[in-house]
Amino acid sequence: MHSSFYLFFWGLLLQYNIVFRGFDILPDFIGFIFIYKGLTTLTVDSKYFTVARRIILPLTGLSLVNFYNFQYQPDFLLTITTALDIFKIIVFSLTMYLVYNLFRGAIEVAEDLGDDYLETTIRQRLYVYLGIAGIFLTISVVSLFPFTNVSATMQTLFVFTYLVYLFALLIIASGMYKMYKELRPRPANQVVKKTAVKRKR
């Protein structure tokens, strides 16, 4: 089961957008494939992981819209820019929903382990991500309204929020890595040392 969380870790890291000549060199859909593979190898029976399994494949297909940035094709962009932006917002919203279900499932795993610290850590990271992602989503939606004046201040706020969102992505990815470290089998000598420490306490 620990390997699933390692795949979740890499899948979330690949949600970073690094664009070179219009192409995202860390494609979102590859990250979602990692997450899909992790979900298929999970042995945990959780309603949250079940929901994640249902949406991961459609989301993988929809995320192809983020593979190429059409700002490099201005003539094409002018014709369907609003439609593309709306589509990207839908993908972003579904990604938030996926992350929510992955982390709620991870929280249940931590509860089953009886690790209160791990459970609290994962829960806090989820709340931080949802808060920051929610703000970024709101700004993205508002910017599409016809009456919205996309001023320099608005653009600065958008960029700043996006940078904070990237930091939030790193936080949740590291949370999944923490789950992986806690669940992976330990060498016998480490288990003995950990047991000895608990006895001393």
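Quick caveat, the model's predicted, so the values are computed rather than measured.

**Student:** Summarise the pattern of salt bridges; cite the residues concerned and give the values.
**Tutor:** Pairing between side chains becomes possible if they bear opposite charge and their charged atoms approach one another. Tallied over the entire structure, the rule returns two salt bridges. Its salt-bridge partner being glutamate 111, residue arginine 123 comes within 3.7 Å of it at the nearest N-O pair. Of this pair, arginine 123 sits in helix H5 (residues 116–142) while glutamate 111 sits in helix H4 (residues 74–113), and the two are twelve residues apart along the sequence. Glutamate 111 sits in the partly exposed class, given a relative accessible area of 40%. Of the charged contacts in the structure, one is a salt bridge between arginine 123 and glutamate 119, with a shortest N-O distance of 2.9 Å. Taken together, the residues arginine 123 and glutamate 119, both in helix H5 and four residues apart, mark about one turn of the helix. The structure contains a network of salt bridges with shared partners spanning Glu111, Glu119 and Arg123.

**Student:** Can you tell me about the confidence of the model for the chain, naming the residues and giving the values?
**Tutor:** The predicted model of the chain averages 83 in pLDDT, with 83% of residues at 70 or higher. Overall, residues 191–201 carries pLDDT values under 50, and its contacts beyond four positions in sequence, including any with other chains, amount to three contacts.

**Student:** Please provide a residue-by-residue account of the packing of aromatic side chains, values included.
**Tutor:** One pass over the structure, following the stated rule, counts 18 aromatic pairs. When the ring of tyrosine 6 is compared with that of tyrosine 177, the centres are 6.4 Å apart and the planes differ by 50°; the resulting orientation is tilted. Of this pair, tyrosine 6 sits in helix H1 (residues 2–13) while tyrosine 177 sits in helix H6 (residues 152–183), placing them 171 residues apart in sequence. Overall, tyrosine 6 belongs to the partly exposed group, its relative accessible area being 32%. Three or more aromatic residues joined by ring pairs form one cluster here, namely Phe92, Tyr129, Phe136, Phe158, Tyr162 and Tyr165.

Scoring rules and cut-offs
Counting starts from 1 at the beginning of each chain's written sequence and moves along it residue by residue. Since the coordinates come from a predicted model, pLDDT governs what is reported: local features require at least 70, and pairs of side-chain atoms require 80 or more to be given and counted, while whole-chain, interface and lining totals use all residues. Hydrogens and water molecules were not included; the side-chain quantities draw on all heavy atoms of the structure. We define a salt bridge as a contact between a side-chain nitrogen of Lys or Arg and a carboxyl oxygen of Asp or Glu at a distance within 4 Å. Each helix is a run of H or I in the DSSP string that is no shorter than four residues. Each strand is a run of E no shorter than two, and both are numbered from the N terminus. For each residue, the accessible area found with a 1.4 Å probe, counting protein chains only, is set against the maximum for its type, and the residue is called buried under 20%, exposed over 50%, and partly exposed in between. A residue's pLDDT is simply how confident the predictor is in it, with values from 0 to 100. Contacts are residue-level and defined by heavy atoms, with any inter-residue pair within 4.5 Å sufficient. The pairing test for Phe, Tyr and Trp rings, Trp by its six-membered ring, is centres within 6.5 Å, and the orientation test on the planes gives stacked under 30 degrees, edge-to-face over 60, and tilted for anything in between.

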